[in-house]
Amino acid sequence: MNAAQRRGRRIMMTDAERDAFLTEQRTCRVATVSPEGMPHVSALWFVWDGGSLWLYSLMRSLRWSQLRRTPEAAVVVDDGVEYGELRGVELCGEVSFVGEAPRTGRDCAELASPERLFAAKYLGLDSLPHDERHAWIRLTPRTVRSWDFTKLSGPAD
């Protein structure tokens, strides 16, 4: 194993650290691709349920239309100002569209938890009001990469 691989393992978040990080952070960057192969990155609010990242997206966004055509995305959530403070998670995989589009609030058992989490995290409410302009996208990642540079000041392996 080379030095880069050892260092990569050393700064990787544990599952518990990753879950806590994704729960506390508020903004992610979603990367999609156009039919011509041009990348597009947009900021968005999200919730993490321990296995999937839930994105509440405007249906009239470029992100939405690109994901409808090509349902693959890469998402980065990161934090930190100084080099030694940098932390982040990259999640990549296929997305699925869950519930009605646009979302009007009709009963959907699969959305009960993400909507409760989203309403509490961003609005301080128990339930999510629906504006009939947004709908849900779920990313259940195939790959997850993480880094926590605060671990660099710890003991070397």
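Overview of the structure. Predicted model only: the values in this text are computed from it and were never measured.

### Observations concerning the overall build of the protein
Turning to step 1, where the next piece is worked out: Broken down by element type, the protein carries four helices and seven strands.
Turning to step 2, where the next piece is worked out: Counting only C-alpha atoms, the protein reaches 55 × 40 × 25 Å along its principal axes.
Turning to step 3, where the next piece is worked out: Of the contacts made within the protein by residues no fewer than 6 positions apart, 69% connect residues no fewer than 24 positions apart.
Turning to step 4, where the next piece is worked out: Within the structure as shown, the protein displays about 8,800 Å² of accessible surface, and the carbon and sulfur contribution to it stands at 53%.
Turning to step 5, where the next piece is worked out: For the protein, the distance from the average site of its 21 positive side-chain charges to the average site of its 22 negative ones is 3 Å.

### Structural notes on the packing of aromatic side chains
Turning to step 1, where the next piece is worked out: Across all of its chains, the model carries nine aromatic pairs by this definition.
Turning to step 2, where the next piece is worked out: Between Tyr 56 and Trp 136, the ring centres sit 4.6 Å apart and the planes meet at 35°, which makes this aromatic pair tilted. Of this pair, Tyr 56 sits in strand E3 (residues 53-58) while Trp 136 sits in strand E6 (residues 134-139), placing them 80 residues apart in sequence.
Turning to step 3, where the next piece is worked out: Its relative accessible area of 7% is what places Tyr 56 among the buried residues.
Turning to step 4, where the next piece is worked out: The exposure class of Trp 136 is buried, given its relative accessible area of 0%.
Turning to step 5, where the next piece is worked out: Sitting over the ring of Trp 45, Arg 26 keeps its end group 5.5 Å from the ring centre.

### Quick word on the environment of Val 41
Turning to step 1, where the next piece is worked out: The residue Val 41 is located in strand E2 (residues 39-48) in this model.
Turning to step 2, where the next piece is worked out: For Val 41, a relative accessible area of 52% corresponds to the exposed category.
Turning to step 3, where the next piece is worked out: Taking the C-alpha atoms as reference points, Val 41 and Ala 31, separated by ten residues in sequence, lie 4.4 Å from one another.
Turning to step 4, where the next piece is worked out: Sequence-distant contacts of Val 41, defined by excluding residues within four places in its chain, comprise Arg 29, Val 30 and Ala 31.

### Thoughts on helix H4 (residues 112-123)
Two residues of an α-helix separated by three or four positions point the same way, owing to the 3.6 residues in each turn.
Turning to step 1, where the next piece is worked out: With twelve residues, H4 should cover 16 Å at 1.5 Å per step; its first-to-last C-alpha distance of 16 Å lies within 8% of that length.
Turning to step 2, where the next piece is worked out: Among the residues making up H4, those that are buried are Pro 114, Glu 115, Phe 118, Ala 119, Lys 121 and Tyr 122.
Turning to step 3, where the next piece is worked out: Buried-residue contacts for H4 involve helix H2 (15-24), E2, E3 and E6.
Turning to step 4, where the next piece is worked out: Gly 124 lies just past H4 and shows a positive phi near 65°.

### A few points about the pattern of salt bridges
Turning to step 1, where the next piece is worked out: Under the defined criterion, the tally for this structure stands at 13 salt bridges.
Turning to step 2, where the next piece is worked out: Two residues, Lys 151 and Glu 17, come together in a salt bridge whose shortest N-O distance is 2.7 Å. Taken together, the residues Lys 151 in the segment after strand E7 (143-148) and Glu 17 in helix H2 connect sequence positions 134 residues apart.
Turning to step 3, where the next piece is worked out: On the accessibility criterion, Glu 17 (32% relative accessible area) is partly exposed.
Turning to step 4, where the next piece is worked out: Arg 106 is the salt-bridge partner of Glu 100, the closest N and O atoms lying 3.9 Å from each other.
Turning to step 5, where the next piece is worked out: Bridged by salt links that share partners, the residues Glu 100, Arg 103, Arg 106 and Glu 115 form one connected network.

### Brief notes about H2
Turning to step 1, where the next piece is worked out: Among the residues of H2, Arg 18, Phe 21 and Leu 22 are the ones counted as buried. For H2, the angular spread of buried residues about the axis comes to 95°, placing them on one side.

Basis of the calculations
Residues numbered from 1 in each chain as written. Predicted model: local features only at pLDDT ≥ 70, side-chain atom pairs only at ≥ 80, totals over all residues. Heavy atoms only, no water. Helix = DSSP H or I, 4+ residues; strand = E, 2+ residues; numbered from the N terminus. Contact = heavy atoms within 4.5 Å. Areas by Shrake-Rupley, 256 points an atom, 1.4 Å probe, with all protein chains shown as cover. Lys, Arg positive; Asp, Glu negative; His and termini not counted. Charge placed at Lys NZ, Arg CZ, Asp CG, Glu CD. Phe/Tyr/Trp six-rings, centres within 6.5 Å; stacked < 30°, edge-to-face > 60°. Buried < 20%, exposed > 50% of the residue type's maximum accessible area, 1.4 Å probe, protein only. Lys NZ or Arg CZ within 6 Å of the ring centre and 35° of its normal. Expected span 1.5 Å × (residues − 1). Salt bridge = Lys/Arg side-chain N within 4 Å of Asp/Glu carboxyl O. Arc of directions from axis to C-beta.

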